[in-house]
Amino acid sequence: MKNHAITLEDRYCAHNYEPLPVVLSSGKGIWLWDQDGKRYMDMMSAYSAVSFGHSHPTLVAALSKQASQLAVVSRAFYSDQLGPFLQLLCEMTGMPKALPMNSGAEAVETAIKAARKWGHKVKGIADQTAEIIVCRGNFAGRTTTIVGFSSEAQYRDGFGPFSDGFATVPFGDAAALEAAITPRTAAFLVEPIQGEAGIIVPPEGYLAKCREICNRHNVLLICDEVQTGLGRTGRLLASDHDGIKPDGLILGKALGGGLLPVSAFLAREDLMAVFTPGDHGSTFGGNPLSAAVGHAALRLLREEKLADNAQRMGERLLTGLRAIQHPAIRQVRGKGLLIGMDLDPGFISARQFCERLMQQGILSKDTHDTVVRFAPPLIITANDIDAALEAIQHTFSSLLTPPAHLTERSYA
Ligand SMILES: *Cc1c(COP(=O)(O)O)cnc(C)c1O
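These numbers were taken from a predicted model, which means no experiment stands behind them. (Residues numbered from 1 in each chain as written. Predicted model: local features only at pLDDT ≥ 70, side-chain atom pairs only at ≥ 80, totals over all residues. Heavy atoms only, no water.)

## Overview of the nonpolar core
Membership of the largest hydrophobic core comes to 89 residues, with the highest contact counts inside it found for Leu-89, Phe-188, Leu-321, Phe-374 and Phe-396. At seven residues, helix H4 (residues 82-93) tops the list of elements feeding residues into this core. Each of two domains, domain 1 (1-41) and domain 2 (57-303), supplies a minimum of three residues to this core. Excluding residues within four positions of it along the chain, Phe-374 makes contact with Met-43, Leu-317, Leu-321, Leu-337, Leu-338, Ile-339, Met-341, Leu-357, Ser-364 and Ile-392. If you look at the next biggest cluster of nonpolar residues, it comprises 28 residues, including Ala-111, Ala-115, Ile-222 and Ile-250. (Core = buried A, V, L, I, M, F, W, Y, C linked by side-chain atoms within 4.5 Å. Buried < 20%, exposed > 50% of the residue type's maximum accessible area, 1.4 Å probe, protein only. Helix = DSSP H or I, 4+ residues; strand = E, 2+ residues; numbered from the N terminus. Domains from an automatic or database assignment. Contact = heavy atoms within 4.5 Å.)

See below:
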């Protein structure tokens, strides 16, 4: 008989996801428990939103203290929480100004609006003609404008008409970026590592080259670090690996400490200055509750040196995964604790592999059919990395004998 929670969700919830068949009811640190009390290691971290682990006591304390004090006022008024949060955010990232939003997609939309208005009002591009260059394989959220510049057919299918003003270049190819720049180009929007595309790491020095090209053509470099930012790749920002500073920076996911949706668009002064009162906003953006939690999350990231831990643990995990010998493994790639393992679909789909990993007490998620993502909370320890590696190794060892309960997805 089907689990009641699954039946209800299937019955009432839109079928815009295809969850693994596990019903989670609690979490602590890197661990999750299902309804029957079975424990799983979280190697997904809610697409990198849970970088601090589940229910981090410091963050839960900040959340509950602020929730009982003052949660939401809207930015029609000042609050005593927003300024200190954004001060720390700007100081840590080296960006002078921040605009708080909620979801990553909203922060990306904010970046697009800023870039276009800067293009028209500051760079002098004729009104309504500014263009933004994006990369093939990009993922920046699910709004109509954003899916409009996606190269993924399914993300677009049926959802048009789409917004004009985007040009697409191959990811990782700086020469292609330069060739695509025209007098109408306002910005280049790029993920330092493409997450949803399958953890695609560009060639060494790519971002530094893009920085130099953007400087030469007076084009804004906007980094979408919603997934790669805040320690995930072993540095505070993935763009730090290239030693460059973008003109616009988009953060989200982990910024909410795994408790709330908190995102932000950060920018250099003259870019953020295009926004004047009434230009842009969000009812919940920058609310005192989000600000208090975001502030606590940033402090934790800094005090616990989680980027350094991500660097060390990421190396350990990457080395361990690369040591696994199995003909189904095509490639293991990533930086810090953002790692993808590309599997040969002739052997097993990434989805099937995730179902098997689940049997071994590891929760992860496939991305792009062939890639299994390994992105645990940044607080993970060496012992837990080793335990995960053992379970992953075991999953590969048992690959040719499908467990009986998975036979409905028959294994080739
Ligand atoms: C997840 C993601 C987004 C969108 O964030 P949401 O909070 O889901 O809207 C944008 N950009 C990147 C790189 C992401 O990984």
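## A few points about the sheet that holds strand S2 (residues 31-34)
Pairing is mixed across the open sheet formed by four strands, whose spatial order is S1-S2-S3-S13. Each edge of the open sheet carries a strand with a single partner, namely strand S1 (24-28) and strand S13 (362-363). Two elements, strand S3 (residues 39-42) and S13, share two bridges in a ladder whose sense is parallel. Across the sheet, the residue bridging to Asp-42 is Leu-363, located in S13. Here helix H14 (residues 382-397) sits on the sheet in contact with S2, S3 and S13, set at roughly 105 degrees to S3. (Pairing = 2+ DSSP bridges. Axes fitted to C-alpha atoms, helices over the stretch in contact; angles between N-to-C directions.)

## Focus on the pattern of salt bridges
Across all of its chains, the model carries 15 salt bridges by this definition. Between Arg-216 and Glu-178 there is a salt bridge, with its nearest N and O atoms 2.5 Å apart. Of the two residues, Arg-216 is situated in helix H9 (residues 206-216) and Glu-178 in helix H8 (residues 174-180); the sequence distance between them amounts to 38 residues. For Arg-216, a relative accessible area of 47% corresponds to the partly exposed category. (Salt bridge = Lys/Arg side-chain N within 4 Å of Asp/Glu carboxyl O.)

## What to know about the site of the ligand
In the vicinity of the ligand, the contacting residues are Ser-103, Gly-104, Ala-105, Phe-139, Ala-140, Gly-141, Glu-191, Asp-224, Val-226, Gln-227 and Lys-253. Between the ligand and Asp-224 there is a distance of 2.7 Å, counted from a nitrogen atom to a side-chain nitrogen or oxygen. Considered on its own, the ligand offers 380 Å² of accessible surface; in the complex 82% of this is hidden by protein. Along the lines of polarity and charge, the residues of the shell around the ligand split into four nonpolar, four polar and three charged. (Near = heavy atom within 4 Å. Polar contact = N/O pair within 3.5 Å; in protein donor to acceptor, adjacent residues only side chain to side chain. Areas by Shrake-Rupley, 256 points an atom, 1.4 Å probe, with all protein chains shown as cover. Nonpolar A, V, L, I, M, F, W, Y, C, P; charged D, E, K, R; others polar.)

## Focus: the pairing of S1
Pairing of S1 with S2, which is carried by four bridges, proceeds in the antiparallel orientation. Of the residues in S2, the one forming a bridge with Ser-26 is Trp-33. In sequence, S1 turns back onto S2 through a hairpin of two residues, with Gly-29 there showing a positive phi of about 60 degrees.

## Quick notes on unusual backbone geometry
Going from Gly-160 to Pro-161, the amide bond is cis rather than trans, its omega being 5 degrees. The backbone of Ser-48 shows a phi angle near 80 degrees, a positive value even though the residue is not glycine. On the basis of relative accessibility, which here comes to 2%, the residue Ser-48 falls in the buried class.

## Some details on the side chain of Glu-225
With respect to the helices and strands, Glu-225 occurs in the loop between strand S8 (220-224) and strand S9 (248-251). The buried charged residue Glu-225 lacks any salt bridge partner; its closest oppositely charged side chain belongs to Arg-232, at an N-O distance of 10 Å. A distance of 2.9 Å separates the side chain of Glu-225 from the side chain of Thr-228, its partner in a polar contact. Not counting residues up to four positions away in its chain, the partners in contact with Glu-225 are Pro-192, Leu-237, Ala-238, Ser-239, Leu-249, Ile-250 and Leu-251. (Lys, Arg positive; Asp, Glu negative; His and termini not counted.)

## Thoughts on the packing of aromatic side chains
Per the stated rule, a full pass over the model turns up four aromatic pairs. Ring centres 5.9 Å apart and planes at 75 degrees place the aromatic pair Phe-139 and Tyr-155 in the edge-to-face group. A residue pair is termed long-range when its members are at least 10 positions apart, and Phe-139 in the loop between strand S5 (131-135) and helix H6 (144-148) and Tyr-155 in helix H7 (residues 153-156) qualify at 16 residues. Judged by relative accessible area, which is 18%, Phe-139 ranks as buried. Between Phe-149 and Phe-166, the aromatic rings sit 4.5 Å apart at their centres with planes inclined by 35 degrees, giving tilted as the arrangement. Here Phe-149, found in the loop between H6 and H7, pairs with Phe-166, found in strand S6 (residues 166-169); they are 17 residues apart in sequence, far enough to count as distant. Classification of Phe-166 as buried rests on a relative accessible area of 17%. When the ring centre of Tyr-12 is taken as origin, the NZ or CZ atom of Arg-11, which lies over that ring, is 4.5 Å away. Cation over ring: Arg-39 sits above Trp-31, and NZ or CZ is 3.4 Å from the ring centre. (Phe/Tyr/Trp six-rings, centres within 6.5 Å; stacked < 30°, edge-to-face > 60°. Lys NZ or Arg CZ within 6 Å of the ring centre and 35° of its normal.)

## A closer look at helix H3 (residues 57-69)
With 13 residues, H3 should cover 18 Å at 1.5 Å per step; its first-to-last C-alpha distance of 18 Å lies within 8% of that length. Listed in full, the buried residues belonging to H3 are Leu-59, Ala-62 and Gln-66. Buried residues of H3 fall within an arc of 60 degrees about the axis and therefore sit on the same side. Facing away from the buried side of H3 by over 90 degrees, the exposed positions are Pro-57, Lys-65 and Ser-68. Summarising the contacts, the buried residues of H3 are in contact with helix H11 (288-303). (Expected span 1.5 Å × (residues − 1). Arc of directions from axis to C-beta.)

## Here's the deal with the domain arrangement of the protein
Reports often express the size of an interface as the amount of accessible area lost when the parts come together. Under the domain assignment, the protein is made up of domain 1 (1-41) and domain 2 (57-303). Taken over C-alpha atoms, the centre of domain 1 sits 31 Å from the centre of domain 2.

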